[in-house]
Protein chains: 2
Amino acid sequence: MFVTALRRPPRRSSRVLAMGETHRARRRRLAALVAERDAAALLVTRLVNVRYLTGLDSSRAALLVPADGPAVLATDGRYAGMAAQVCPELPVVVDRQVAEALVKRAAEDGLGRVGFEAHDVTVEHHTALLDAAEVELAPLGRLVEELRMVKDEEEIGLLREACAVTDRAFEAVLPEIRAGVTERAVAIALERAMVDEGAEGPAFESIIASGPNGAVPHHHPGGRELQRGDLVTMDFGALYGGYHADMTRTVAIGEPAAWQRDLYDLVHRAQAAALAAALPGAETKDVDAAARDVIADAGHGEAFSHGLGHGVGLEIHEAPLMGYDKTGKLMDRVPITAEPGVYLTDRGGVRIEDTLVVRAGGPELLTTTTKDLLVL
Amino acid sequence: MFVTALRRPPRRSSRVLAMGETHRARRRRLAALVAERDAAALLVTRLVNVRYLTGLDSSRAALLVPADGPAVLATDGRYAGMAAQVCPELPVVVDRQVAEALVKRAAEDGLGRVGFEAHDVTVEHHTALLDAAEVELAPLGRLVEELRMVKDEEEIGLLREACAVTDRAFEAVLPEIRAGVTERAVAIALERAMVDEGAEGPAFESIIASGPNGAVPHHHPGGRELQRGDLVTMDFGALYGGYHADMTRTVAIGEPAAWQRDLYDLVHRAQAAALAAALPGAETKDVDAAARDVIADAGHGEAFSHGLGHGVGLEIHEAPLMGYDKTGKLMDRVPITAEPGVYLTDRGGVRIEDTLVVRAGGPELLTTTTKDLLVL
């Protein structure tokens, strides 16, 4: 694969929607935060943040959002046409040095203190930016990531479809999940089914963990063949319109033993407790505790060795992170995962996960595949 | 997929070799460069560079390489056991804040000027490092990337196997490449075949571009069905032992038209010219020109819209970049790609690419699939 395409056409997503007003509203909210921090503008360099604020999905772009006045986009020649189509209201500077071009623009416009994303810009790049123009660059924290935590309904719509694709792919692949099939074959079948159902691709590397491998939370699917008597944990999701679905189901191959059914029921109850607690205003650590307490009461507290879940959106892992050691409150319209698990070394494990949206009236489940134990 | 695993086991590669002496030699070469730059040590934070210098493939690790004295590795608890196995000769600091732990260590050891990778460390992280300990941090450039350009024979061996897997996968999938099959299905078949042949996965997102889509160098494989009369460009490669193969072949579905055969022959001759020019001491832009001149002489200069190729190794795109606007010389044992292409809008395109190693006696081709035009 070559690297230096001079006129590489953009990878066009069929999901690029004309959401001009939505993106304008996001930029207005950001401009208000920039003004609060006493900065004249924010230089946005994280590509996922540029996408959030403009709709442009580019491998080279940056955005200057003044506290007061219109934003300016920079991208290179490959994406200029797409930018004109996706965000026609924005002036576009066409330059390969996107961030440098925008700090020059800021200096020309007499902007004084310009915020930048210190968690994204490397020290080398920072030096180059200061060399490019006479501006003061001030780290302002993760302003765009903070905005991104609460989703607008357009985003929830895309995430809902990503989850629907995930549900349909699971249903399509169910007949192939049986003794004798390798973990890797299940992973490939799921990923293929997600694409067939409309995904741009998998949202992350699928986890298929069978039998004793189920004791490894992040098991990488390998050549082990599913066997009668296995529990099989499948953690996967579809990418749709840039949004990441995330679902885990654990199934039994053949009639499960009593301990397996008990373990499944325990995790199922723990997950239900987390869903019931996931309300606006709840502390994330309390939602984690709702599930963790159920598991700890059954004597398996040590075996639930990770946090309850995380935000999802344009990234598979976003704010808020939900664990016993995390702080923060849930809010209306924050999509999260709830994914308790119990992992028993050399025996196996169970994890059950949904993607849901926190709502005032109780969570809206986006993944809707049954959580009854499927015996295949 | 959860994010905060407390005891997530490492993803184990079956290709982790006990290459202690090789890694020690790499660290010795780096230490000499560090001494030349008047630094007491280099703090290596780029994970791919840590892997190169230690063999440890971790998602959280850093390495302190003094100009004089033994190196110190830092990683978190998930990888401590793997580190002991892969690089038992290295002292390991187990800490989640890997870089912070190593600058503290440097300060305790009385190291004065410590180099760091300014192209990797963000401004936010740099501030945290300076807060963690009293050290002077100095940007030293891309020292490890410079070392990585010339490969040792262990690396070339892994790359050779990655390319052999790629060749075998292509051969295995050939019978499935026919009219009526979608681009996406070809991509999935190739990726599955690579895994079946021993790959850890694809080295990058495969490009399958059929008929008029062949005019788009980076075409994303879609739902278009191959048709009689198409040229089909397939750009793909296997990941093996951390090393990235990269190969492109263009085939014809049914008997090609005269213009298609002419175009193929042109690109084939251009690629052969590049291979002949790829000798130690050659300027990279001259190797690019060897291919570009052939295509320009046939009147298609504008239609070869990217550089000739790039280095490959632990990353799919490494130094040296090879294009008409790039400077630098080839050296013995530098693996590169040679991938000229011609793209005719609305008609189609041809690209032919090999991965090869620059050798004194002429290039060693690592991808060996035939470059005769295959008519399927």
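Residues numbered from 1 in each chain as written. Chains lettered and ligands numbered in written order. Predicted model: local features only at pLDDT ≥ 70, side-chain atom pairs only at ≥ 80, totals over all residues. Heavy atoms only, no water.

### What about the overall build of chain A?
A count of helices and strands for chain A gives ten helices and 19 strands. Over its C-alpha atoms chain A spans a radius of gyration of 23 Å, differing by no more than 12% from the 21 Å that the globule rule assigns to 376 residues. Overall, the C-alpha framework of chain A stretches about 70 × 45 × 35 Å when taken along its three principal axes. Partitioning the intrachain contacts of chain A with sequence separation of at least 6 by distance along the chain shows that 67% fall at a separation of at least 24. Element-wise, carbon and sulfur atoms account for 50% of the exposed surface of chain A, whose accessible area totals about 14,000 Å². (Helix = DSSP H or I, 4+ residues; strand = E, 2+ residues; numbered from the N terminus. Rg over C-alpha atoms; globule rule 2.2 N^0.38 Å. Contact = heavy atoms within 4.5 Å. Areas by Shrake-Rupley, 256 points an atom, 1.4 Å probe, with all protein chains shown as cover.)

### Examining the sheet that holds strand β12 (residues 247–252) of chain B
Residue and element names in this part refer to chain B. The strand order across the open sheet formed by three strands is β8-β9-β12, and the pairing between neighbours is antiparallel. Every interior strand has two partners, whereas the edge strands, β8 (207–210) and β12, have only one. On average, adjacent strands in this sheet sit at an angle of 10° to one another, irrespective of strand direction. Contacts from helix α8 (residues 183–196) reach β8 and β9 (231–236), with the element oriented near 145° to β8. (Pairing = 2+ DSSP bridges. Axes fitted to C-alpha atoms, helices over the stretch in contact; angles between N-to-C directions.)

### Thoughts on the packing of helix α4 (residues 98–108) of chain A against helix α5 (residues 123–132) of chain A
Residues and elements named next belong to chain A. α5 packs onto α4 with a crossing angle of 35° between their chain directions and a minimal axis gap of 9 Å. In the packing of α4 onto α5, the handedness of the crossing is right-handed. Where α4 abuts α5, its residues Ala-99, Glu-100, Val-103 and Lys-104 lie against His-125, Ala-128, Leu-129 and Ala-132. When its residues are assigned to classes, the contact of α4 with α5 shows five nonpolar, one polar and two charged. (Left-handed = near helix turned anticlockwise from the far one by under 90°. Nonpolar A, V, L, I, M, F, W, Y, C, P; charged D, E, K, R; others polar.)

### Side note on the domain arrangement of chain A
Interfaces are often sized by the accessible area lost when the parts come together. Residue and element names in this part refer to chain A. When its domains are assigned, chain A resolves into domain 1 (2–147) and domain 2 (153–365). A C-alpha centroid distance of 34 Å is found between domain 1 and domain 2. Domain 1 puts ten residues into the contact, and the matching count from domain 2 is nine residues. Approximately 910 Å² of surface area, both sides summed, lies buried where domain 1 meets domain 2, with 54% of it carried by carbon and sulfur atoms. At the boundary of domain 1 with domain 2, the tally comes to one salt bridge. (Domains from an automatic or database assignment. Buried area = accessible area lost by both parts, 1.4 Å probe. Salt bridge = Lys/Arg side-chain N within 4 Å of Asp/Glu carboxyl O.)

### What about the environment of B:Leu366?
Residue and element names in this part refer to chain B. By secondary structure assignment, the location of Leu-366 is in the segment after β19 (364–365). Take Leu-366: its relative accessible area is 4%, and that puts it in the buried class. In this structure, the C-alpha to C-alpha distance between Leu-366 and Met-149, residues 217 residues apart in sequence, is 17 Å. Excluding residues within four positions of it along the chain, Leu-366 makes contact with Leu-159, Arg-160, Cys-163, Asp-167, Thr-355, Leu-356 and Val-357. (Buried < 20%, exposed > 50% of the residue type's maximum accessible area, 1.4 Å probe, protein only.)

### Some thoughts on the packing of helix α7 (residues 153–173) of chain A against helix α8 (residues 183–196) of chain A
Residues and elements named next belong to chain A. The contact between α7 and α8 brings their axes to 8 Å, and the two run at 130°. Between α7 and α8, the angle is such that the two are oblique. The chirality of how α7 crosses α8 is right-handed. Contacts between α7 and α8 involve Val-165, Ala-169, Phe-170 and Val-173 on the former and, on the latter, Ala-189, Leu-190, Ala-193 and Met-194. (Parallel < 35°, antiparallel > 145°, perpendicular 65-115°, else oblique.)

### Some remarks on the packing of aromatic side chains
Note on aromatic pairs: each is described by the distance of the centres and the angle between the planes. Within this structure, the stated rule accounts for two aromatic pairs over all chains. With centroids separated by 6.0 Å and ring planes inclined at 20°, the aromatic side chains of A:Phe170 and A:Phe236 adopt a geometry described as stacked. Highlighted residues: A:Phe170 in helix α7 and A:Phe236 in strand β9 (residues 231–236), separated in sequence by 66 residues. For the residue pair A:Phe170 and A:Phe236, the accessibility class agrees, reading buried in each case. In this arrangement the basic side chain of A:Arg292 is found over the ring face of A:Phe304, its NZ or CZ atom lying 3.9 Å from the centre. Here the guanidinium or amino end of B:Arg347 rests over the ring plane of B:Trp259, the centre of that ring lying 4.2 Å away. (Phe/Tyr/Trp six-rings, centres within 6.5 Å; stacked < 30°, edge-to-face > 60°. Lys NZ or Arg CZ within 6 Å of the ring centre and 35° of its normal.)

### Looking at the pairing of strand β17 (residues 348–351) of chain B
Residue and element names in this part refer to chain B. Residues Gly-348 and Val-350 point to one face of β17 and Gly-349 and Arg-351 to the other, with burial holding for every one of them. Taken together, the four bridges between strand β16 (residues 341–344) and β17 define a ladder with antiparallel strand orientation. Opposite Val-342, over in β17, you have Val-350 as the bridge partner. Between β16 and β17, which pair antiparallel in sequence order, lie three residues; one of them, Asp-346, sits at a positive phi of approximately 70°.

### A closer look at the pattern of salt bridges
All names here are of chain B. Inspection of the entire model under this criterion finds 57 salt bridges over all chains. Put simply, Glu-89 and Arg-27 hold a salt bridge, and the shortest N to O gap is 3.0 Å. Within this pair, whereas Glu-89 is found in the loop between α3 (80–86) and β4 (92–94), its partner Arg-27 is found in helix α1 (residues 20–36), the two being separated by 62 residues in sequence. For Asp-235, the salt bridge is made with Arg-351, and the minimal N-O distance between the two is 2.9 Å.

### With respect to the side chain of B:Glu183
All names here are of chain B. Considering the arrangement of structural elements, one finds Glu-183 in helix α8. Although Glu-183 is buried, it makes no salt bridge; Arg-224 carries the closest opposite charge, 5.0 Å away. If sequence neighbours within four positions are ignored, Glu-183 has contacts with Ile-208, Ala-209, Ser-210, Asn-213, His-219, His-220, Pro-221, Gly-222, Arg-224 and Leu-226. (Lys, Arg positive; Asp, Glu negative; His and termini not counted.)

### Things to note about the environment of A:Val216
Residues and elements named next belong to chain A. Mapped onto the elements, Val-216 comes out in the loop between β8 (207–210) and β9. Classification of Val-216 as partly exposed rests on a relative accessible area of 26%. Taking C-alpha positions, Val-216 is 7.7 Å from Gly-349, a pair spaced 133 residues apart along the chain.

### Some details on the nonpolar core
Of all hydrophobic cores here, the largest spans 67 residues; its most connected members are B:Leu30, B:Val44, B:Leu63 and B:Met234. If you count residues domain by domain, this core takes at least three from each of domain 1 (2–147) and domain 2 (153–365) of chain B. Not counting residues within four places of it along the chain, the set of residues in contact with B:Val44 comprises B:Leu30, B:Asn49, B:Val50, B:Leu53, B:Ala62, B:Leu63, B:Val65, B:Glu117 and B:Val144. Among the nonpolar cores identified, the runner-up in size contains 66 residues, and A:Tyr52, A:Leu158, A:Ala199 and A:Ala245 belong to it. (Core = buried A, V, L, I, M, F, W, Y, C linked by side-chain atoms within 4.5 Å.)

### Notes on the sheet that holds strand β5 (residues 113–116) of chain A
Residues and elements named next belong to chain A. Across the sheet, which stays open at both edges, the six strands sit in the order β4-β3-β2-β1-β5-β6 with mixed pairing between neighbours. Strands at the two margins of the open sheet, each flanked by one partner only, are β4 (92–94) and β6 (136–139). Strand-to-strand twist of the sheet, defined as the mean angle between neighbouring strand axes without regard to direction, takes the value 25°. As judged from the four bridges shared by strand β2 (residues 61–66) and strand β3 (residues 72–75), these two strands associate in the antiparallel manner. Following the sheet pairing, Ala-62 is matched in β3 by Ala-74. Sitting on the sheet, helix α2 (residues 47–54) is in contact with β1 (41–44), β2 and β3, with an inclination near 60° to β2. On the sheet, α4 packs against β1, β2, β3, β4, β5 and β6 and is oriented at approximately 25° with respect to β2.

### Some thoughts on α1(B)
Here α1(B) contains 17 residues, and its C-alpha end-to-end distance of 25 Å stays within 8% of the 24 Å for a straight helix at 1.5 Å per residue. Trailing α1(B) by a residue or two, B:Asp38 shows a phi angle of about 60°, which is positive. (Expected span 1.5 Å × (residues − 1).)

### Here we look at the confidence of the model for chain A
Regions with low pLDDT carry predicted coordinates that are not meant to be interpreted in detail. Looking at chain A, pLDDT values average 93 and 95% of them are 70 or higher. Across the whole predicted complex the pTM is 0.86, and at the interface the ipTM reaches 0.84. (pLDDT = per-residue confidence, 0-100.)

### Let's talk about the environment of B:Arg359
All names here are of chain B. Take Arg-359: it is sitting in the loop between β18 (354–357) and β19. For the pair Arg-359 and Gly-349, spaced ten residues apart in sequence, the C-alpha to C-alpha distance is 30 Å. Not counting residues within four places of it along the chain, the set of residues in contact with Arg-359 comprises Glu-153, Ile-156, Arg-160, Leu-279, Pro-280, Asp-332, Arg-333 and Glu-364.

### Things to note about the pairing of strand β18 (residues 354–357) of chain A
Residue and element names in this part refer to chain A. Here β18 shows no split at all, with Asp-354 and Leu-356 on one side and Thr-355 and Val-357 on the other all buried. Two elements, strand β15 (residues 335–338) and β18, share four bridges in a ladder whose sense is antiparallel. Following the sheet pairing, Pro-335 is matched in β18 by Val-357. As defined by bridge partners, β18 adjoins strand β19 (residues 364–365) across two bridges and the pair is classed as antiparallel. Note on β19: the bridge partner recorded for Val-357 is Glu-364. Between the antiparallel neighbours β18 and β19 lie six residues, among them Gly-362 with a positive phi of about 115°.

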